[in-house]
Amino acid sequence: MNGTRIAAVGHYQPAKVLTNKDLAGLVDTSDEWITSRVGIRTRHIAGPDEPVDELAAHAAAKALAAAGLTPGDIDLVLVATSTAIDRSPNMAARVANRLGIPSPAAMDVNVVCAGFTHALATADHAVRAGAATRALVIGADKMSEVTDWSDRTTCVLVGDGAGAAVVEAADEPGIGPVLWGSVPEMGNAVRIEGTPPRFAQEGQSVYRWATTQLPPIARKACEKAGLTPADLAGVVLHQANLRIIEPLAEKIGAVNAVVARDVVQSGNTSAASIPLAFSKLVEQGAIRTGDPVLLFGFGGNLSYAGQVVRCP
């Protein structure tokens, strides 16, 4: 085999929907204030009896079903998350147990908002190196659990959810080379820290960095796949803020691409945002099998990772 591919995707969101009007009853805000600044209208919020691994397992089960596979076909589970409260067992092991995967390598990847694209690259490398046959790659976060709901600068942003992909060997490369990196000296611009842990960020710093520094990096990810931005059929950026997504997509130059805007309905779901938005585009038929799609994560740690994949 000369490469890997995404065989199928799946996603899951909790049933509870929190609207901007609902938030206006909690903090000093309004629908107009939220939509004009971040573009978000609704978000899904998990209940206290819905842990991160449950969200992840629902999304993974859908991806497995779409691929026509069973849990026994998986030998590597990677879960990208930054909202795991317990250190052990990790989320990957918990998900494997929920799904009945018999003896997988099970690892968590904590690169916050860029976690899924880091995990996808790791699965690609592992399968191509022969260390795994098929991998479940999941992005799942319960941001509501690390949010101060009295802070209107952060609580209006977040949502909960999960997205998953099945990665397997392929005759032709269906997952392009990753381009990844970070800006460690600016890592404090996005934080989940303290006891209890709380999400905080320097919004203006993140906005300037994302809209000025990331476009050439995203274009280089296309070059590594042997494509130009104009060749892309889809662009799925981390769903942080519509006011970041739209200028970033424009500066990348993907003039023919469908741009994911799931942030409007789902809010910022951190590591879940890219696979969640990607799975929805596939489900809606907005992109077709074989289409080239740029996945590009950025944010926490001021890390980034992106690759061009072929739509399953």
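All values derive from a computational prediction rather than experimental measurement.

Caption draft 1: Summary view of the packing of helix α3 (residues 52–67) against helix α4 (residues 91–99). For the pair α3 and α4, interaxial distance at closest approach is 9 Å and the crossing angle is 55°. Here α3 lies oblique to α4, going by the angle between them. At the point where α3 passes α4, the crossing takes the right-handed sense. Here α3 contributes Val52, Asp53, Glu54, Ala56, Ala57, Ala60, Ala61 and Leu64 to the contact with α4, which in turn contributes Met91, Arg94, Val95, Arg98 and Leu99. The residue makeup of the contact of α3 with α4, split by class, is nine nonpolar, no polar and four charged.

Caption draft 2: Expanded view of the side chain of Asn241. Its location among the elements puts Asn241 in the loop between β11 (234–237) and α8 (242–252). In this structure Asn241 comes out as buried when scored by relative accessible area, which is 13%.

Caption draft 3: Region of the structure containing the layout of surface pockets. The computed volume of the largest pocket comes to approximately 580 Å³. Considering the residues around the largest pocket, the lining is formed by 29 residues, among which Val38, Leu157, Gln201, Gly203 and Asn241 are closest to the centre. Only α2 (31–37), α6 (152–155), β9 (190–193), β10 (198–201), α7 (203–224) and α8 provide two or more residues apiece to the lining of the largest pocket. With four residues, α7 is the single largest residue contributor to the lining of the largest pocket. Of the residues assigned to the lining of the largest pocket, the class counts are 16 nonpolar, eleven polar and two charged. Lining of the second largest pocket is provided by 21 residues; of these, Ser82, Thr83, Ala84, Asn110 and Ile192 occupy positions nearest its centre. Among the secondary structure elements, those contributing two or more residues to the lining of the second largest pocket are β5 (105–109) and β9. Ranked by the residues each element gives to the lining of the second largest pocket, the list is headed by β9, at four residues. Broken down by class, the residue content of the lining of the second largest pocket amounts to nine nonpolar, seven polar and five charged.

Conventions we followed
- Residues numbered from 1 in each chain as written.
- Predicted model: local features only at pLDDT ≥ 70, side-chain atom pairs only at ≥ 80, totals over all residues.
- Heavy atoms only, no water.
- Axes fitted to C-alpha atoms, helices over the stretch in contact; angles between N-to-C directions.
- Helix = DSSP H or I, 4+ residues; strand = E, 2+ residues; numbered from the N terminus.
- Parallel < 35°, antiparallel > 145°, perpendicular 65-115°, else oblique.
- Left-handed = near helix turned anticlockwise from the far one by under 90°.
- Contact = heavy atoms within 4.5 Å.
- Nonpolar A, V, L, I, M, F, W, Y, C, P; charged D, E, K, R; others polar.
- Buried < 20%, exposed > 50% of the residue type's maximum accessible area, 1.4 Å probe, protein only.
- 1 Å grid on protein atoms, 1.4 Å probe; cavity = no way out; pocket = protein on both sides within 12 Å on 5 of 7 lines; lining within 4 Å.
- Points joined across faces, edges and corners; volume = space filled by probe spheres on them.

The values are spatial; any link to function lies outside them.
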